[in-house]
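Per-entry structural report
Letter by letter, the chains look like this.
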Amino acid sequence: MTRLNTQTLLIIVILVLILIPAIRTSIKHMKGEGDCCGGPIKKKISGPVLREVTVHIDGMHCQNCRVRIENHLNEMDGIVAKVNLNKKAATISVYKDVDDLEIQNTIEKLGYTVVSME
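Keep in mind it's a predicted model, so treat the numbers as computed, not measured.

**Focus on the nonpolar core**
The biggest cluster of nonpolar side chains holds 21 residues, and the ones touching the most others in it are Val55, Ile69, Leu73, Ile92 and Ile107. Of all elements in the fold, only β1 (51–58), α2 (63–74), β2 (79–84), β3 (89–94) and α3 (100–109) reach the threshold of two or more residues within this core. Residue contacts for Val55: discarding those within four places in its chain leaves Lys88, Ala89, Ala90, Ile92, Ile103, Ile107, Val114, Ser116 and Met117.

**Notes on the environment of Val114**
Looking at the element boundaries, Val114 is found in strand β4 (residues 113–117). Between the alpha carbons of Val114 and Ala89 there is a distance of 9.2 Å; along the sequence they are 25 residues apart. If we ignore the near neighbours within four places in the chain, the residues touching Val114 are Val55, His56, Gln104, Ile107 and Glu108.

**Remarks on the sheet that holds β3**
Taken in spatial order, the 4 strands line up as β2-β3-β1-β4 in an open sheet, and their pairing is antiparallel. Whereas interior strands pair on both sides, the edge strands pair on one side only; in this sheet they are β2 and β4. Between one strand and the next, the sheet's axes are offset by a mean angle of 25°, whatever the strand orientation. In this sheet, β4 lies alongside β1 in antiparallel orientation, the contact comprising 4 bridges. Opposite Ile57, over in β4, you have Val114 as the bridge partner. In the packing of α2 onto the sheet, the strands contacted are β1, β2 and β3, and the crossing angle to β2 comes to about 170°. Most of the contacts of α3 go to β4, to which it runs at about 150°, and overall it touches β1, β3 and β4.

Each value, and the rule that gives it
Residues numbered from 1 in each chain as written. Predicted model: local features only at pLDDT ≥ 70, side-chain atom pairs only at ≥ 80, totals over all residues. Heavy atoms only, no water. Core = buried A, V, L, I, M, F, W, Y, C linked by side-chain atoms within 4.5 Å. Buried < 20%, exposed > 50% of the residue type's maximum accessible area, 1.4 Å probe, protein only. Helix = DSSP H or I, 4+ residues; strand = E, 2+ residues; numbered from the N terminus. Contact = heavy atoms within 4.5 Å. Pairing = 2+ DSSP bridges. Axes fitted to C-alpha atoms, helices over the stretch in contact; angles between N-to-C directions.

Purely spatial values, then, with no claim about function.
So this is what it looks like as C-alpha cells:
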C-alpha cells in the first residue's frame, strides 16, 4: 500500500471542504429554499382570520414553483398563504378585505392556472 504524500492529502482536504457546502447548497436549491429562489417568506397573521380560501392551481411542477407562488401571495397585504405541491392547492388565510380576483390575478401573472377557488 502506498502512502499519500502531503500534497495529495492537502488536495483531498481542500476538495472535501469545498464539496460539503456545495452539496448542502444544492440540496437547499432542489427544495426551493436556495438563495436564487429567495426561500419561502415567513409571514404571520396579524389579526383574526376572516375566511379561508382554497385555490386549486394547475402548472406547478416543483418546489421552486411552490415557493414562487407562496412568496408572491405572501407579499400581498391581508393574506397568509401555504401552498401544497402534492395537492396542487394553496390554502389562504384572509385577515383583511382581499378580493378573490386579486388572488387569482397574482397567481395567473406568474404563469399558472387557477382551476377553482373554494
